[in-house]
Amino acid sequence: MINIVAKRYYIENGHEMKENLLRQVIQASFPPFLLTTVAEDELLNNVKASFNASTRVQERCDSQVVKQDIVRYAAANWFREFSRTFDGFVSSGPKLPKISVRLAFNSQEC
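Chemist: I'd like a rundown of the environment of Thr85, residues and numbers included.
Modeler: Secondary-structure assignment places Thr85 in strand E1 (residues 84-88). When its relative accessible area of 39% is taken as the criterion, Thr85 is described as partly exposed. Excluding residues that lie within four positions of it along the chain, Thr85 makes contacts with Arg102, Leu103 and Ala104.

Structure follows, in structure tokens:
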């Protein structure tokens, strides 16, 4: 999540890190109950470190490339949200116990 927040900052604010803008992005990215003063400062330091270590930031890539990175990461790690689901049912064949069947399909680039 830290890397995604760092990339979000880059997309919204560019390659120059400004602490007040970073705090706003962190506050918009995490629920308020997680953001105690200590936790927010720790998140700030972790996001800064991730931001500075990012090759996309160092190469000053276009924000569209960074957006694509986020979508690829999400699709690979949270594939359920990127799947199409269908309710299944038995239309013929032997009588089966009544169970709920849900089929999920997704495609990945190779």
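Chemist: Describe the packing of helix H1 (residues 2-13) against helix H3 (residues 37-53), and please don't skip the residues or the numbers.
Modeler: At a closest axis distance of 8 Å, the pairing of H1 and H3 adopts a crossing angle of 70°. In this view, H1 runs roughly perpendicular relative to H3, as classed from their interaxial angle. Between H1 and H3, the residues in contact are Ile2, Asn3, Val5, Ala6, Tyr9 and Tyr10 and Leu43, Asn46, Val47, Ser50 and Phe51, respectively. Residues of the contact of H1 with H3, tallied by class, amount to eight nonpolar, three polar and no charged.

Rules used in this analysis
- Residues numbered from 1 in each chain as written.
- Predicted model: local features only at pLDDT ≥ 70, side-chain atom pairs only at ≥ 80, totals over all residues.
- Heavy atoms only, no water.
- Helix = DSSP H or I, 4+ residues; strand = E, 2+ residues; numbered from the N terminus.
- Buried < 20%, exposed > 50% of the residue type's maximum accessible area, 1.4 Å probe, protein only.
- Contact = heavy atoms within 4.5 Å.
- Axes fitted to C-alpha atoms, helices over the stretch in contact; angles between N-to-C directions.
- Parallel < 35°, antiparallel > 145°, perpendicular 65-115°, else oblique.
- Nonpolar A, V, L, I, M, F, W, Y, C, P; charged D, E, K, R; others polar.

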